[in-house]
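# What the coordinates show
Listed below are the residues making up each chain.
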Amino acid sequence: MPRLRFAMLALGTLLVAATASADNLAVDDPYVREVPPGSPATAAFMTLHNNSERAVRLISADNSIAEHTELHNHVDVDGVMQMRQVEAIEVPAGASTTLAPGGLHLMLIGLQTSVTEGDQVQLSLNFDNGETLEMDASVRPVMPMRHDQE
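Small disclaimer: the values here were computed from a predicted structure and weren't measured.

Within the protein, the secondary structure is distributed over one helix and 10 strands. Here the protein, with 150 residues, has 34% of them falling under the buried criterion. A separation of at least 24 residues holds for 66% of the contacts in the protein among residues at least 6 apart in sequence. With an accessible surface of roughly 9,400 Å², the protein has 53% of that area assigned to carbon and sulfur atoms.

With that settled, consider unusual backbone geometry. The backbone of Asp-29 shows a phi angle near 50°, a positive value even though the residue is not glycine. Following the sequence through the fold, Asp-29 ends up in strand β1 (residues 25–33). Positive phi values are uncommon outside glycine, yet Asp-78 reaches one of about 50°. The residue Asp-78 is located in the loop between β4 (66–77) and β5 (80–85) in this model.

Okay, the packing of aromatic side chains next. Going through the model one piece at a time under the given rule, you end up with one aromatic pair. Ring centres of Tyr-31 and Phe-45 lie 5.3 Å apart, and the angle between their planes is 45°; this geometry places the pair in the tilted category. Remark: Phe-45 occurs in strand β2 (residues 41–50) and Tyr-31 occurs in strand β1; sequence separation between them is 14 residues. Judged by relative accessible area, which is 12%, Tyr-31 ranks as buried. For Arg-140, the ring lying beneath its charged end belongs to Tyr-31, and the centroid distance is 3.7 Å.

The next point concerns the side chain of Asn-50. For Asn-50, the location among the structural elements is in strand β2. Polar side-chain contacts of Asn-50 include one of 3.3 Å to the backbone oxygen of Pro-92. Ignoring anything within four residues of it in the chain, the contact list for Asn-50 reads Asn-24, Leu-25, Ala-55, Val-56, Val-91, Pro-92, Ala-93, Gly-94 and Ala-95.

Below, the discussion takes up the pairing of β5. In terms of strand pairing, β4 meets β5 through six bridges, oriented antiparallel. Residue pairing across strands places Val-77 opposite Val-80, the latter belonging to β5.

By the secondary structure assignment, Pro-141 is in the segment after β10 (132–140). The exposure class of Pro-141 is partly exposed, given its relative accessible area of 39%. Distance from Pro-141 to Val-115, taken between C-alpha atoms, is 9.9 Å for residues 26 residues apart in sequence. Once you skip the residues sitting within four places of it in the chain, Pro-141 turns out to touch Glu-34 and Glu-117.

This part takes up the side chain of Asn-126. With respect to the helices and strands, the residue Asn-126 is situated in strand β9 (residues 120–127). Residue classification places Asn-126 among the buried positions, given a relative accessible area of 17%.

Moving on: the pattern of salt bridges. Evaluation of the coordinates by the stated rule reveals two salt bridges. The shortest N-O distance in the salt bridge between Asp-29 and Arg-140 comes to 3.0 Å. A residue pair is termed long-range when its members are at least 10 positions apart, and Asp-29 in strand β1 and Arg-140 in strand β10 qualify at 111 residues. You can call Arg-140 partly exposed: its relative accessible area is 28%. Residue Arg-57 is joined to Glu-87 by a salt bridge in which the shortest nitrogen-to-oxygen separation is 3.3 Å. Taken together, the positions of Arg-57 in strand β3 (residues 56–63) and Glu-87 in the loop between β5 and β6 (89–91) put the pair 30 residues apart, joining distant regions of the chain.

Rules behind the numbers
Residues numbered from 1 in each chain as written. Predicted model: local features only at pLDDT ≥ 70, side-chain atom pairs only at ≥ 80, totals over all residues. Heavy atoms only, no water. Helix = DSSP H or I, 4+ residues; strand = E, 2+ residues; numbered from the N terminus. Buried < 20%, exposed > 50% of the residue type's maximum accessible area, 1.4 Å probe, protein only. Contact = heavy atoms within 4.5 Å. Areas by Shrake-Rupley, 256 points an atom, 1.4 Å probe, with all protein chains shown as cover. Phe/Tyr/Trp six-rings, centres within 6.5 Å; stacked < 30°, edge-to-face > 60°. Lys NZ or Arg CZ within 6 Å of the ring centre and 35° of its normal. Polar contact = N/O pair within 3.5 Å; in protein donor to acceptor, adjacent residues only side chain to side chain. Pairing = 2+ DSSP bridges. Salt bridge = Lys/Arg side-chain N within 4 Å of Asp/Glu carboxyl O.

Without other data, these values stay purely geometric and don't point to any function.
What follows is the structure, encoded as C-alpha cells:
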C-alpha cells in the first residue's frame, strides 16, 4: 500500500507541475483572415504572452481547415516586402510577441474548406518547452494596411 500511495503522490505532483507550467503561456485575440472561396491559403494572427522567466519558441502549429501550417514573417528585400518561412517565433521571458498582418504570422496552406467571417478555426501551437496551446480562432475580414497620402 505505501508504494501505491507514493506512486499516486508522485503522479499528482507531476500533474500539478504540468498545469502550472501551462499557465505561463497565453494567447490573446486569435483570428484567421477571411479569404475568397477557392483561395489556396490564409493567415492567422494573435498575441502570444510568456509569463515565465525563460524565453520560449513557437516551433510548429496545426489547424482544422488546411493541409499544413507554416510560421512566416515579412522581410524587406531591397525595398520590397517578401514573405519568408521561419524556423521558429520567439516569445521572450516576461514579454509578448504579436503576430499581425505585415509581420510574423501563421500561414494555413492547402485550404480544404471555405474561410468565411464568423467561422471558427481550431489552432494548436507547439512550443520548444513541450507545451501546446489549443484555441478556436474566429474568422474575420482583415483590411490591407493603408498608407494615407495627404
